[in-house]
Protein chains: 2
Amino acid sequence: MNIENANTEATERMMEARPVLVGLGKARDVIPGMRDNLLLHAGPPITWERASGPMQGAITGALIFEGKATNEAEAQALVESGEVELEPCHHHGAAGPMAGLIAPSMSVYVIENKTHGSTVSEAALTTGGNRSFSGLNEGYGKVLRYGAYSEEVLAKLRWMEDVMAPVLADAIEASGGIDIRALLAESLHMGDEGHNRNKAGSILYTTKLAPFVVKATDADTASDVLRFLGDNALSVLNPVMAACKAMADAAHGIEGSTIVTVMARNGTDFGIRVSGLGDRWFTAPVAIPQGLYFPGFTAEDASGDIGDSTITETAGIGGFAMASAPAIVTFVSGTPQDAINATLEMYEITYAEHKYFTIPPLDFRGTPTGIDIRKVVETGITPRVNTGIAHKDAGVGQVGAGLVRPPMEMFEEALVAFAERYGF
Amino acid sequence: MNIENANTEATERMMEARPVLVGLGKARDVIPGMRDNLLLHAGPPITWERASGPMQGAITGALIFEGKATNEAEAQALVESGEVELEPCHHHGAAGPMAGLIAPSMSVYVIENKTHGSTVSEAALTTGGNRSFSGLNEGYGKVLRYGAYSEEVLAKLRWMEDVMAPVLADAIEASGGIDIRALLAESLHMGDEGHNRNKAGSILYTTKLAPFVVKATDADTASDVLRFLGDNALSVLNPVMAACKAMADAAHGIEGSTIVTVMARNGTDFGIRVSGLGDRWFTAPVAIPQGLYFPGFTAEDASGDIGDSTITETAGIGGFAMASAPAIVTFVSGTPQDAINATLEMYEITYAEHKYFTIPPLDFRGTPTGIDIRKVVETGITPRVNTGIAHKDAGVGQVGAGLVRPPMEMFEEALVAFAERYGF
C-alpha cells in the first residue's frame, strides 16, 4: 500500500468522474434506502435533542409538507418516538444545502457519473453508488433549508413539487442530460465559484433547459418556471452539489488514500469522511461563520455552521475556487485579493490541481483538488469554506453569508485513525 | 469655455445615460432618415469602389435579402449608379457589428436613453437623438456581417426576420423594457468585457426575455427562439452596441469637449468623432488586427479592421474592460496579465472612471471611460480595441478574433481641428 499511489488514484477518479444530470424523481422512488418514515438531513448523524434551531425548523417544515405534523411539538414527538427517523443525506448518495432536508415525497435531481459507471467502489455504493441526488433549490428569502416553515414557505414548496417538478422532469429527460462538470468549468470562467456564487451557472442551466421547458407544459406554466429558475441565482446549486457528491464518491473507498471525500455540517457537528477509512465519520463541534449580515441581523443571530454544500470544497470548487469569483466578496466580505489568497492557500493542503476546473486570473491553473488530511495536519491549515448563515432559531431563515473553517481536531483524529488502520 | 468642465459634463452624461431596450421594429419604420433605397453600413462614409471585400459582400447580401439584386455584379451596379445609396449607421443613431449592414426591411432593436430624454444635444439629435438602433445578431459561422451571403446565410436572415423578430418584438414589449446598462454592469462581474466576450450578457438577456418569449408564440417557435438566443454567445452584442451608442450620443455636442463619441471602421477607413467638434469625421486607413485565427486561416486572409463595435470601447467597455474578462485571452490571444495591463493602460487616455461599470479584479475600480484626444496625443497611447477578424474577400466570413489599435493620425488631426475651432 502506497499512499501516493492511492491519492493519485483517488484524485484522478474525482476529476475524471463526469456527473450528468439525467432526471428528476420523487425521493421515495429514486433514492436507495429511502422510506416513508425517513427524513434525510445535512451533515453527520444527529438527534432532535442535539439539533440546531434551523435543523429543528426544517424537520418541522418537512413533516408539515409530508402531512405528518402540524407544528414543531408534533414534529419533535414523531422524531423522538422513532416514528420518524433521521439519517444523513450522505448515507444515501445525496447532498442538501443548509439543513438539507429531503422528505420521501419531495422531488430530487438525479445525477449519474458517466465515467465510472458500475466501477464505483463498494464503499461508495453504500452511499448511492453511481448516482447522486439533491432537492430543488427554493431561492432566497424565507426557505425551508434555513429552517423557516411558515405557510408562505410551504406554499412555495408545494408549487415547486406540484407544478415545477413535473416540467423539469420532462425537460431534463428531453434534453438528453446536462453535463454538470462542463457547466461548472464554464461558470468558473464567468465569475462563479460554484458554492456561494452560482449566478452564471444558474442562468447557463436555465438557458440550457429553456428550449425543453417550453415544450413540456402550457405557456403560462413554462413562463412561471423559467422566471423562477432564471431569477434564482442558486437554481443550479443543488445539481452542482449532487455533481460534487458524485465526483467525491468516485474517489471514496480507495485503500490507503488520505483524501477527504465528505465534509458536511448539521448545525451542531462538522463531519468528514476519508477515502481510505470507509464510512466512519470524524466529527467535532461546528464554528460560527464570519461574514456579512443582512440588515437587522448580527453575529448574535447566527446558527452554527450547517449544510452539505461543503461537498463543493471537497470536490475542488467553492471556497477553493474563490480566485475565479472576485465579485463574491460583495456577498461574503473581504477583498478580491483575499479571494485570490484563499485559493492559493488551498494548494497547500490539496493533492492535485483540477484538470477541468481552471481559474483564469491564475493563468488557468487548475483548482486545488483533493484535501489531504496529512497536509491539513502538517500545515495547520484547515479548508476554507464559503457558506450561507442561518438564524439560530427555528422558523426564521437566512441572515447572511460568509466564510468558515472546519475544526482541526477532525483531521487530527482521522490521521490517527489512518495510522491505526494502516499500521504506521 | 473650459475644457475640463466640458469633459466633466460629457463623461457625466455618458455615464448617467440609461439605455433601455424598449422595442424592435423594421428599420424603415423606426430609424430616422431611413428610406427604401438606403443601406446603412459600419464606419465612416464609403463608396463601393473603396469598400473592402467583406463590406462589398455584406452589401451584396443585404440587396439579395431586399430582393433588389441576385449577385455581386448587380449589387455593384445598383450602388455605383446611385440607385441604392450607402450611409453610415452612425448618421442614423445606429451601430452595426463588422460590416454592420442595415437594410430597410430588416428588424432593429430600439434603445431609449431614459435619463436624458429630449435633452440630448442638437448635434446628437441629428444622429438619432434619444434613441439608438442595431440589427439582430446572427451568431457565429457564415454570417452577413462578415461578408458572407450564401443561401445558408440568407435563409438564416429570413428566419430571423420572419419568425424570430415578431416574437422578440412582443417579448420586449411585454417585458416593459430591459435596462442594458444594468445588464452590462452585471455581466462585467461575470467575465464579460461587452465586446468580444458577451457570454454572460447573452444568457442574462435570454433568461430575462424567456418568460415573455414563451407567451409570445407557440411552443415550437418559442423553443427555437430560446435555443437560438441561448446558444449564441453574442446575442446581446447588438443591444449592447446600441446602448453604447446611446451613452456616447448623450456625451456628444458638448461645446469645448475633447471626448471621443464615435470610433468606427468600415474595413477601409477608421473614423472618429469628437464631442466638441460636431459631425466631422476624422479618418485614416485601418490596420489589420493581431490575434488568433480559426484553423486553416492566417493573417494573410484578414480584412482590415471593420465594424461599429468600437462604440463599446468609446463608452468604456470592450477592450477598456479587459481586466474584467481574463478568460477572453483564449479567444483573442495573450495572458490574463495582458488583459489587466490593457485596462490599466486605458486609464492613461481617459477622462473618467465609470460610476456603474466596475472591475472586480481591480478592486471594483470603474472602467476607463471617455477617451480624451488630448491624452491620446500627449501619451502616444492609442485606444485598445477587441475585435473579430473578417476574411478579406467577399462571401467568406469570420477567420479569427484579436486586438487592434486605431491609427494615431486621426487623433492628431482632431486635436489640430479642436485648436482651430476653439482658437488655442
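The rules behind the values
- Note on numbering: residues in each chain are counted from 1, in written sequence order.
- Each chain gets a letter, beginning with A, and each ligand a number, beginning with 1, in the order they are written.
- Owing to the predicted nature of the model, reporting of local features is limited to residues with pLDDT of at least 70; listing and counting of side-chain atom pairs is limited to 80 or more, with chain, interface and lining totals taken over all residues.
- Under the scheme used here, helices are H or I runs from DSSP no shorter than 4 residues and strands are E runs no shorter than 2 residues, and both carry numbers assigned from the N terminus.
- With the radius of gyration taken over C-alpha atoms, the globule rule is written as 2.2 Å times the number of residues to the power 0.38.
- Placing C-beta atoms from the backbone, we regard two residues as in contact once those atoms come within 7 Å.
- Two strands qualify as a pair provided DSSP detects at least 2 bridges between them.
- Inter-axis angles, ranging from 0 to 180 degrees, are taken between N-to-C directions of lines fitted to C-alpha atoms, where helices are fitted over the stretch in contact.
- In this scheme, roughly parallel covers angles under 35 degrees and roughly antiparallel covers those over 145, while 65 to 115 is roughly perpendicular and the rest are oblique.
- Here a crossing is taken to be left-handed if its near helix is turned anticlockwise relative to the far helix by less than a right angle, and right-handed if that turn runs clockwise.
- Note that Gly is not counted as nonpolar here; it falls among the polar residues with everything else outside the nonpolar set of Ala, Val, Leu, Ile, Met, Phe, Trp, Tyr, Cys and Pro and the charged set of Asp, Glu, Lys and Arg.
- Per the annotation, domain bounds derive from an automatic or database assignment of domains.
- We superpose the copies by least squares over the C-alpha atoms of residues that have a pLDDT of at least 70 in both of them.
- Three classes are used. A residue is buried when 20 or more other C-beta atoms lie within 10 Å of its own, exposed when 12 or fewer do, and partly exposed in between, with C-beta atoms placed from the backbone.
- Between the first and last residue of a helix there are one fewer steps than residues, each counted as 1.5 Å, and that sum is the expected span.
- Along the arc lie the directions from the helix axis toward the C-beta atoms.
- To count as a nonpolar core, a set of buried Ala, Val, Leu, Ile, Met, Phe, Trp, Tyr and Cys residues must be joined through C-beta atoms within 7 Å.

To continue, consider the overall build of chain A. Counting its secondary structure elements, chain A contains 15 helices and 15 strands. Relative to the compact-globule value of 22 Å for 424 residues, chain A shows a C-alpha radius of gyration of 20 Å, a close match. The contacts of chain A with a sequence gap of at least 6 include a subset with a gap of at least 24, amounting to 74%.

We now examine the sheet that holds strand β10 (residues 290–293) of chain A. Residue and element names in this part refer to chain A. With respect to topology, three strands assemble into an open sheet ordered β10-β15-β14, the strand pairing being antiparallel. Every other strand in the sheet has two partners, leaving β10 and β14 (385–390) as the edge strands with one partner each. Strand-to-strand, the axes of this sheet are offset by a mean angle of 25 degrees, without reference to chain direction. Of the pairings in the sheet, the one linking β10 to strand β15 (residues 398–404) comprises four bridges and is antiparallel in character. Each residue of the ladder has a partner; that of Leu292, found in β15, is Ala401.

Let us look at the packing of helix α6 (residues 151–175) of chain A against helix α8 (residues 199–216) of chain A. All names here are of chain A. Relative orientation of the contacting elements α6 and α8 amounts to 120 degrees, with a least axis distance of 8 Å. Taken together, the axis directions place α6 and α8 in an arrangement best described as oblique. In this structure, α6 meets α8 at a crossing whose hand is right-handed. Side by side, α6 and α8 meet where Val167, Asp170, Ala171, Ala174 and Ser175 of the first sit next to Lys208, Leu209, Phe212, Val213, Lys215 and Ala216 of the second. Tallied by class, residues from the contact of α6 with α8 come to seven nonpolar, one polar and three charged.

Glancing now at the domain arrangement of chain A. Where interface size is quoted, it is often the accessible area lost as the parts come together. Residue and element names in this part refer to chain A. The assigned domain composition of chain A is domain 1 (3–242) and domain 2 (252–422). Taking the mean C-alpha position of each, domain 1 and domain 2 sit 19 Å from one another. Tallying the contact residues gives 58 residues for domain 1 and 68 residues for domain 2. Within the residue set of the side of domain 1 that touches domain 2, elements represented by two or more residues are α1 (3–16), α3 (53–65), α5 (122–125), α7 (180–187) and α10 (237–250).

A separate point is the relation of the copies chain A and chain B. After a rotation of 180 degrees and a shift along the axis of 0.0 Å, chain A superposes on chain B with an RMSD of 0.0 Å. Here the transformation between the copies is reduced to the relation of a two-fold axis. For chain A, the minimum C-alpha distance to the rotation axis belongs to A:Met190 and amounts to 2.2 Å. The overlap is high: 100% of the interface residues of chain A also sit at the interface in chain B, so the same surface is used on both sides.

Residue and element names in this part refer to chain B. Extensive coverage of strand β7 (residues 260–266) is indicated by the burial of seven of its seven residues. Counted between consecutive antiparallel strands, the loop separating β7 from strand β8 (residues 269–274) contains two residues, among which Gly267 sits at a positive phi close to 95 degrees. Looking at chain direction, β7 and strand β11 (residues 306–307) are connected through two bridges and run antiparallel. Note that in β11 the partner of Asn266 across the bridge is Ile306.

Taken together, the contacts link 26 residues of chain A with 26 residues of chain B. Counting residues per element, the side of chain A that touches chain B draws most heavily on α8(A), at ten residues. Its residues assigned to classes, the side of chain A that touches chain B comprises 15 nonpolar, seven polar and four charged.

Before going further, it helps to examine unusual backbone geometry. In terms of backbone geometry, most residues other than glycine have negative phi values and most peptide bonds are trans. Phi is positive for A:Asp363, which is not a glycine, with a value near 55 degrees. Relative to the assigned elements, A:Asp363 resides in the loop between β12 (350–359) and β13 (365–371). Non-glycine residue B:Phe364 carries a positive phi angle of around 65 degrees. Since 15 C-beta atoms lie within 10 Å of it, B:Phe364 is described here as partly exposed.

Take the sheet that holds strand β15 (residues 398–404) of chain B next. Residue and element names in this part refer to chain B. Reading across the sheet, the three strands line up as β10-β15-β14 and stay open at both edges, with antiparallel pairing between neighbours. With one partner strand each, in any of the chains shown, β10 (290–293) and β14 (385–390) form the two edges of the open sheet. Each adjacent strand pair in this sheet contributes to an overall mean axis angle of 25 degrees, direction not counted. Inspection of the sheet shows β14 paired to β15 by six bridges, in the antiparallel sense. Bridging from a neighbouring strand, Thr387 pairs with Gly402 of β15.

With that out of the way, let us pick up the packing of α8(A) against helix α9 (residues 219–231) of chain A. Residues and elements named next belong to chain A. Contact geometry for α8 and α9: axes closest at 9 Å, N-to-C directions at 170 degrees. The pairing of α8 with α9 is recorded here as roughly antiparallel in orientation. Of the residues in α9, those in contact with Ile203, Thr206, Ala210, Val213 and Val214 of α8 are Ala222, Val225, Leu226, Leu229 and Gly230. Within the contact of α8 with α9, the residues separate by chemical class into eight nonpolar, two polar and no charged.

With that settled, consider α3(A). Helix length check: α3(A), at 13 residues, gives a terminal C-alpha distance of 18 Å against a target of 18 Å (1.5 Å per residue), a fit within 8%. When you tally the buried positions in α3(A), you get 13 out of 13 residues, the bulk of the element.

All names here are of chain B. Those residues of helix α13 (residues 336–346) that sit buried are Pro336, Ala339, Ala342, Thr343 and Met346. One face of α13 carries all of its buried residues, which in axial projection span an arc of 115 degrees. Next to the buried residues of α13 lie α12 (329–332), β12 (350–359) and β13 (365–371).

This next bit is on the environment of B:Ile254. Residue and element names in this part refer to chain B. In this structure, Ile254 sits in the loop between α10 (237–250) and β7. In this structure, the C-alpha to C-alpha distance between Ile254 and Arg265, residues eleven residues apart in sequence, is 23 Å. Excluding residues that lie within four positions of it along the chain, Ile254 makes contacts with Ala6, Glu9, Ala10, Ser275 and Gly276.

Attention now moves to the nonpolar core. Within the largest apolar cluster, 282 residues are counted, with the highest numbers of intra-cluster contacts made by A:Val213 and B:Val213. If sequence neighbours within four positions are ignored, B:Val213 has contacts with B:Val167, B:Ala171, B:Ala222, B:Val225 and B:Leu226.

With that settled, the discussion passes to the environment of B:Glu4. Residues and elements named next belong to chain B. Within the secondary structure layout, Glu4 lies in helix α1 (residues 3–16). We classify Glu4 as exposed; it has 11 C-beta atoms within 10 Å. For the pair Glu4 and Tyr351, spaced 347 residues apart in sequence, the C-alpha to C-alpha distance is 9.2 Å.

Moving on, we get to the environment of B:Glu49. Along the chain, B:Glu49 turns up in the loop between β2 (38–41) and α3 (53–65). Sequence separation of B:Glu49 and B:Val79 is 30 residues, and the distance between their C-alpha atoms is 9.7 Å.

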